[in-house]
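Below, each chain spelled out in residue letters.
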Amino acid sequence: MIKVKDRVLKGMVYISLGVTIFLFALIFIYLIIKSIPAINNIGLGGLINLKEKWYPIGATPTFNLLPAICGTLYTSFLATIFAFIFGLSAALMLNFYLPEKFANIIFSFLDMLAGVPSVVFGFIGLSTLVPFLLKHFNLSTGQCILAASIVLGVMLLPFIISTCSESIKLVRDRYEGMSKNAGISKEYFIIHIVFTSIKRSILAGLVMALGRAIGETMAVMMVIGNSAIFPKLLGRGQTIPGITALEMGSIGINEIHLSALYVANLILLIILLILILVSQLLKGNDRI
Amino acid sequence: MKRKVLDNLIKSILIFLGLIAVGLTLFVFIYVLYRGRRVISIRFLLDNPSGIPFGTAGGVFPAIIGTLMLGGLSALIGGLLGILNGLYLSLYSKGTKSGRILLHLITILSGLPSIIFGLIAYTLLIYKLGMGKSLLCSAITISAMILPFITIRAKKIFDEKGYTFFIESESLGLSKPYIIRKLIIPNCLGELVGAVSLGMLYGMGAVAPILYTGVVMNAPIPTSVNSPFMSLPYHLYMLANSGYSDEYALGTAFVLLAMLIIIEILCHLFASFREGVGFKRIFR
């Protein structure tokens with residue numbers, strides 16, 4: 001009897017493994033297969049160029065993905081920079097300047113924030129930030145790249161703070177005793193010892209954060225305005241996940257339009273893979 | 001003297017920026033929970049949505065149930081597969097090349113944008129397999145999304161807690177599956193439930209994967225896995241984006257956030273009771 005149960009469990013482990021591998025092989029292969037019609041019909045020059053527009057439903061449809069790619073990268077870079085400046089400061093403040101008990105409460109809050117759905121962020125951005133920008137920056141519409149970057153930046157904060165905190169704790173355990181004995185001030189310790197030793201791991205964390213940012217759909221889509229034009233800080237823009245979510249529902253299965261969306265997502269995936277690779281390389285050589 | 005001025009300057013800059021960051025995160029909770037509480041009433045929680053435009057009157061009851069059903073179903077599928085994968089990664093393939101490759105693969109997958117799952121599920125399940133917009137279709141999509149997430153956490157739990165048991169029991173001559181069934185799973189149950197429900201929360205809040213695979217604006221409580229359903233995040237998205245009723249959007253956001261917080265607290269409770277620590281550890 002025990003043997004039967006043992007075999008069942010072992011079988012289940014291998015079946016689940018098989019299902020997982022199959023599932024993800026399917027995702028990658030399907031993304032590539034579905035992209036082929038668009039690449040064959042329009043060509044890479046038609047999908048990525050500087051002249052045409054993203055205008056998939058005209059008499060002569062044009063599919064230029066470059067504005068959306070630029071929009072995605074622009075928003076994500078800006079958001080990561082925001083999150084980095086504020087996140088690193090917050091991590092240092094929580095670790096060095098606040099009493100531990102109080103800091104722990106804030107850390108629990110941040111954990112919870114990481115679980116808040118992106119729609120909620122989008123909604124808050126839409127009902128507070130967008131009217132604010134509209135009023136104070138004299139815009140025709142408050143939905144813009146800046147709004148999307150700020151919302152995305154807030155969403156990245158918990159991740160950045162926890163990554164920074166982990167590295168800071170490692171450095172503290174190792175060097176704080178010595179530096180205290182040497183009579184160094186806290187600030188000198190932060191600037192000269194913490195910063196120099198966590199540089200690489202923070203960079204790796206930032207690259208990972210960037211990877212999360214480029215895939216974010218709902219929150220960005222709600223505040224960016226969704227116009228397929230080249231991004232300007234205070235103008236509308238569009239991201240790859242944004243167009244996919246908005247347009248895939250209204251397209252037939254065999255249309256080139258859908259295939260073009262697949263190409264867009266394949267590009268997104270390639271960017272993501274490069275980012276993951278870079279962050280792994282950075283992490284690999286870390287010395288704390 | 002100059003050193004001291006510089007030190008104070010650094011300190012104040014860090015605290016200033018840090019306080020803004022923490023303030024922003026608190027703002028998210030305060031905005032929704034404080035402003036949304038006025039909308040909440042028994043009627044809002046237990047009524048069907050109504051009104052023209054739709055959703056501007058009545059309640060959100062079917063959406064609450066729909067979200068919970070979606071979460072439960074995907075936690076069941078994704079959780080089971082995720083835990084089994086975690087077992088494989090931690091106990092069956094430790095140190096082997098295939099294990100390492102698989103771990104890398106799963107790490108990549110956990111970073112995959114949710115919209116890719118939505119896109120592929122839409123073309124594959126709805127068009128190719130002809131499934132129709134349904135709870136099951138959405139649940140499969142969400143399970144695929146949370147599977148790597150749960151796998152990584154389950155592996156970590158088994159690595160930390162299960163491995164010593166494993167070495168000791170294996171040297172007593174017990175078989176691998178027996179050790180897993182009798183020692184490792186019972187011992188890690190609290191944490192595993194925590195990991196699965198974190199994945200579930202992540203899945204319950206996602207909109208992009210379910211956008212075209214099952215969720216609709218108006219549906220009764222699903223009677224089978226083949227019927228379409230309502231979901232709170234989607235409801236919130238529609239209300240907020242169309243701008244019909246800010247008040248009802250706030251109420252929906254409140255319910256969504258409150259639900260997530262309650263589930264999270266329940267999991268902490270469960271985990272700490274399993275460890276016999278009681279209430280003390282719940283808030284660290």
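Reading guide: rules and limits
- Residues numbered from 1 in each chain as written.
- Chains lettered and ligands numbered in written order.
- Predicted model: local features only at pLDDT ≥ 70, side-chain atom pairs only at ≥ 80, totals over all residues.
- Helix = DSSP H or I, 4+ residues; strand = E, 2+ residues; numbered from the N terminus.
- Contact = placed C-beta atoms within 7 Å.
- Buried ≥ 20, exposed ≤ 12 C-beta atoms within 10 Å, placed from the backbone.
- Nonpolar A, V, L, I, M, F, W, Y, C, P; charged D, E, K, R; others polar.
- Core = buried A, V, L, I, M, F, W, Y, C linked by C-beta atoms within 7 Å.
- Axes fitted to C-alpha atoms, helices over the stretch in contact; angles between N-to-C directions.
- Left-handed = near helix turned anticlockwise from the far one by under 90°.
- Expected span 1.5 Å × (residues − 1).
- Bend = angle between axes of the 7 residues up to and from the residue.
- Parallel < 35°, antiparallel > 145°, perpendicular 65-115°, else oblique.
- pLDDT = per-residue confidence, 0-100.

Caption draft 1: Representation of the overall build of chain B within the structure. Along its length, chain B carries nine helices and two strands. Counting from the amino terminus, chain B carries its helices and strands in the arrangement α-α-β-β-α-α-α-α-α-α-α. Over its C-alpha atoms, taken along the principal directions, chain B stretches across nearly 75 × 70 × 35 Å. Taking the intrachain contacts of chain B between residues at least 6 apart in sequence as the baseline, contacts between residues at least 24 apart amount to 74%.

Caption draft 2: Spatial organisation of the overall build of chain A. A count of helices and strands for chain A gives 10 helices and two strands. Listing every helix and strand of chain A by position from the N terminus yields α-α-β-β-α-α-α-α-α-α-α-α. Expressed along its principal axes, the backbone C-alpha trace of chain A runs to roughly 75 × 75 × 35 Å. Counting every position in chain A, which comprises 288 residues, the buried fraction comes to 46%. Across chain A, every contact between residues at least 6 apart in sequence was considered, and the portion connecting residues at least 24 apart equals 75%.

Caption draft 3: Here's a closer look at the interface of chain A and chain B. Across the boundary between the two partners, chain A contributes 68 residues, which contact 67 residues of chain B. Element by element, the count of residues in the side of chain A that touches chain B is highest for helix α1 (residues 2-42) of chain A, at 16 residues. Residues that form the side of chain A that touches chain B fall into these classes: 45 nonpolar, 17 polar and six charged.

Caption draft 4: The nonpolar core, seen in detail. In this structure, Val120, Ala147, Val151 and Val223 of chain A together with Leu236 and Ala253 of chain B are the most contacted members of the largest nonpolar core, which totals 169 residues. By residue number, the principal contributor to this core is helix α6 (residues 135-171) of chain B, which donates 17 residues. Filtering out sequence-adjacent residues up to four positions away, Val120 of chain A remains in contact with Val32, Ala253, Leu256 and Leu257 of chain B.

Caption draft 5: Examining the packing of helix α3 (residues 61-92) of chain B against α6 of chain B more closely. All names here are of chain B. One can describe the packing of α3 onto α6 by two numbers: an axis separation of 5 Å at closest approach and a directional angle of 40°. Judged by the sense of rotation from one axis to the other, the crossing of α3 with α6 is right-handed. Class assignment for the residues of the contact of α3 with α6 results in 19 nonpolar, 11 polar and two charged.

Caption draft 6: Helix α5 (residues 114-128) of chain B, seen in detail. All names here are of chain B. Counted at 1.5 Å a residue, the expected span for α5 with its 15 residues is 21 Å, and the 20 Å between its end C-alpha atoms agrees. Most pronounced at Ala121, the bend in α5 amounts to some 30°. Within two residues after α5, Gly130 carries a phi angle of roughly 60°, on the positive side.

Caption draft 7: Examining the packing of α5 of chain B against α6 of chain B more closely. Residue and element names in this part refer to chain B. Orientation of α5 relative to α6, taken along the N-to-C sense of each, is 140°, at an axis distance of 10 Å. Between α5 and α6, the interaxial angle falls into the category oblique. The two elements α5 and α6 cross, and the hand of that crossing is right-handed. Together, Ser114, Phe117, Gly118, Ala121, Leu125 and Ile126 of α5 and Cys137, Ile140, Thr141, Ala144 and Met145 of α6 make up the contact between the two elements. Grouping the constituent residues of the contact of α5 with α6 by class yields eight nonpolar, three polar and no charged.

Caption draft 8: Spatial organisation of α6 of chain B. Residue and element names in this part refer to chain B. Its 37 residues give α6 an end-to-end C-alpha distance of only 47 Å, which falls more than 12% under 54 Å, the value for a rise of 1.5 Å per residue. The axis of α6 is deflected most strongly, by about 55°, at Gly162. Two residues or fewer after α6 comes Gly173, characterised by a positive phi angle close to 95°.

Caption draft 9: Looking closely at the environment of Leu126 of chain A. Tracing the backbone shows Leu126 of chain A in helix α5 (residues 118-136). By C-beta crowding, Leu126 of chain A is classed as buried, having 22 other C-beta atoms within 10 Å. Considering only alpha carbons, one finds Leu126 of chain A and Gln143 of chain A, 17 residues apart in sequence, at a separation of 8.0 Å. Setting aside residues up to four positions removed in sequence, Leu126 of chain A forms contacts with Met222 and Val223 of chain A together with Ala240 of chain B.

Caption draft 10: The confidence of the model for chain B, seen in detail. Residue and element names in this part refer to chain B. Averaged over every residue, the pLDDT of chain B is 87; the share at 70 or more is 96%. α3 holds the highest mean pLDDT among the elements of chain B, 92, whereas strand β2 (residues 57-58) holds the lowest, 82. The low-confidence segment residues 278-284 (pLDDT under 50) makes eight contacts with residues lying over four places distant or belonging to another chain. Across the assembled chains, the prediction reports ipTM 0.90 with pTM 0.90.

Caption draft 11: Inspection of unusual backbone geometry at higher detail. All names here are of chain A. Even without being glycine, Asn226 reaches a positive phi, approximately 50°. Secondary-structure assignment places Asn226 in the loop between α8 (218-224) and α9 (240-247). Under the C-beta neighbour-count criterion, Asn226 is labelled buried, with 20 such atoms within 10 Å.

Caption draft 12: Spatial organisation of the environment of Ser162 of chain A. Along the polypeptide, Ser162 of chain A turns up in helix α6 (residues 145-181). Sequence spacing of Ser162 of chain A and Gly205 of chain A is 43 residues, and the spatial spacing of their C-alpha atoms is 9.7 Å.

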